[in-house]
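# Descriptive analysis of the structure
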Amino acid sequence: MAGGRPIETPFGSIYATNITPDFETGIGAWSDADFVRAMREGIAPDGSHYYPVFPYTAFTRMRDRDLLDLKAFLLSLPPIRKKNEPNALSPPFSWRSTLALWKVLHFSEGEFEYREDRSEAWNRGGYLVEALAHCAECHTPRTATGGLLVNRTYAGSEEGPEGEFAPNITPDKATGVGAWSASDMIWYLQSGFEPDGDTAQGVMWEVIEQGYQHLSERDLDAIVVYLQTLKPVEQFVGSRSAD
């Protein structure tokens, strides 16, 4: 959690920051309000804007209680003194002030809205997929300005994390996971094994190893319930789309 991992983007490299409780180089001095504002609005304690490689665009949908529980967990970790790496971006992308305009174009603040016409499992799954797991951030293609291409949500991206391909996770039977059974999807999230015997690779394997495999059966089932109700969309193929 001490940061330093480079995140490659078409605009340059951005380095993950120290989120250990070190008071000088981490988040140890942050108040609850600082943490919630960062996660929900993408704004640092000093008032500057965060780059959206920090997926506050999804975390904004989290409930306050869960945000504060997450902060409590992070502050329970051993503090590590490690200064953050400077980002390798050129103007105008290095100008954080331009992110205010980016947010006008691509960011909507607000918690995940529960729907009375849907089951408890669907609502739980939607909350996990859209907020905590931020699946769209990797599995959705982006516009020329780096926003999510909303009419192709979850249809896959050729420019996923660290340049990896992120597949279609909509129920499209030809190019997505429409042919997968619920048990196929749960087993994949637990083990990384696909129905054909292939395995998850790269960042997705890290996500399974460090995240999904630790979820309860109830939460895994909820994720599957939600994903199976998405609109089927054909796999996105091509370079970065124009706005």
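The structure displayed is predicted, hence computed values, not measured ones.

## Focus: the overall build of the protein chain
Summing up its helical and strand segments, the protein chain has 9 helices and 3 strands in all. Starting at the N terminus, the α and β elements of the protein chain follow one another as β-β-α-α-α-β-α-α-α-α-α-α. Against the globule reference of 18 Å for 243 residues, the protein chain gives a C-alpha radius of gyration of 18 Å, in line with a compact fold. With respect to the three principal axes, the spread of C-alpha positions in the protein chain is 50 × 40 × 35 Å. When each of the 243 residues of the protein chain is scored for burial, the buried share is 40%. Pairs at least 24 residues apart make up 61% of the contacts formed inside the protein chain by residues separated by at least 6 positions. As presented, the protein chain carries roughly 13,000 Å² of accessible surface, and 56% of it is formed by carbon and sulfur atoms. In the protein chain, 21 side chains carry a positive charge and 35 a negative one; their mean positions are 5 Å apart.

## What to know about the nonpolar core
Inside soluble globular proteins, nonpolar side chains tend to come together where they are buried. Formed by 44 residues in total, the largest nonpolar core has its most connected members in M62, V129, Y154, I223 and L227. Elements that contribute at least two residues to this core include exactly α1 (32–41), α2 (56–59), α3 (64–75), α4 (99–106), α5 (120–132), α7 (182–191) and α9 (217–228). Excluding residues that lie within four positions of it along the chain, L227 makes contacts with V129, I169, P171 and M185.

## Things to note about the pairing of strand β2 (residues 12–15)
Relative to β2, strand β1 (residues 6–9) runs antiparallel, the two being bridged by 4 bridges. If you follow P6 over to β2, its bridge partner there is Y15. Judged from the 2 bridges that link them, β2 and strand β3 (residues 88–89) form a sheet pairing that is antiparallel. Paired with S13 across the two strands is A88, which belongs to β3.

## What to know about unusual backbone geometry
Leaving glycine aside, a negative phi is the common case for residues, and trans is the common case for peptide bonds. Going from P91 to P92, the amide bond is cis rather than trans, its omega being 5 degrees. Tracing the chain through its elements places P92 in the loop between β3 and α4. Not every positive phi belongs to a glycine, and H134 is a case in point at roughly 40 degrees. With respect to the helices and strands, the residue H134 is situated in the loop between α5 and α6 (136–139).

## Details of the side chain of N18
By the secondary structure assignment, N18 is in the loop between β2 and α1. Residue classification places N18 among the buried positions, given a relative accessible area of 2%. Within the local environment of N18, its side chain forms a polar contact with the side chain of T25, the two groups lying 3.2 Å apart. In this structure N18 touches M1, A2, G3, T25, G26, I27, I80, K82 and N84, once residues within four positions along its chain are discounted.

## A look at α3
Under the 1.5 Å per step criterion, the end-to-end length of α3 is 17 Å for 12 residues, consistent within 8% with the ideal 16 Å. The inward-facing, buried residues of α3 abut α1 and α2.

Cut-offs used in this document
- Numbering of residues starts from 1 in each chain and follows the order in which that chain's sequence is written.
- Given that the model is predicted, a residue must reach a pLDDT of at least 70 before its local features are reported, and side-chain atom pairs must reach 80 or more before they are shown or counted; all residues, however, enter totals for whole chains, interfaces and linings.
- The side-chain numbers reported here are obtained from all heavy atoms of the structure, hydrogens and water having been left aside.
- Numbering of helices and strands runs from the N terminus, with a helix taken as a DSSP run of H or I at least four residues long and a strand as a DSSP run of E at least two residues long.
- We compute the radius of gyration from the C-alpha atoms alone; for a globule the expected value is 2.2 Å times N to the 0.38, where N is the number of residues.
- Exposed residues in this analysis have more than 50% of their type's maximum accessible area, buried residues have under 20%, and partly exposed residues fall in between, with area computed by a 1.4 Å probe over protein chains only.
- A contact between two residues is defined here by any heavy atoms of the two lying within 4.5 Å.
- Note on areas: Shrake-Rupley, 1.4 Å probe, and residue coverage restricted to the protein chains presented here.
- Neither His nor the chain termini are counted; the positive set is Lys and Arg, and the negative set is Asp and Glu.
- Where a charge lies is defined by one atom per residue type: Lys uses NZ, Arg uses CZ, Asp uses CG and Glu uses CD.
- Definition used in this section: a nonpolar core is a set of buried Ala, Val, Leu, Ile, Met, Phe, Trp, Tyr and Cys residues joined via side-chain atoms within 4.5 Å.
- Strands are treated as partners if at least two bridges between them are detected by DSSP.
- Two N or O atoms form a polar contact when they lie within 3.5 Å of each other; inside protein one atom must be a possible hydrogen donor and the other a possible acceptor, and for residues adjacent in sequence the pair counts only when both atoms belong to side chains.
- Expected span of a helix, by definition, is 1.5 Å for each gap between consecutive residues, and there is one gap fewer than residues.

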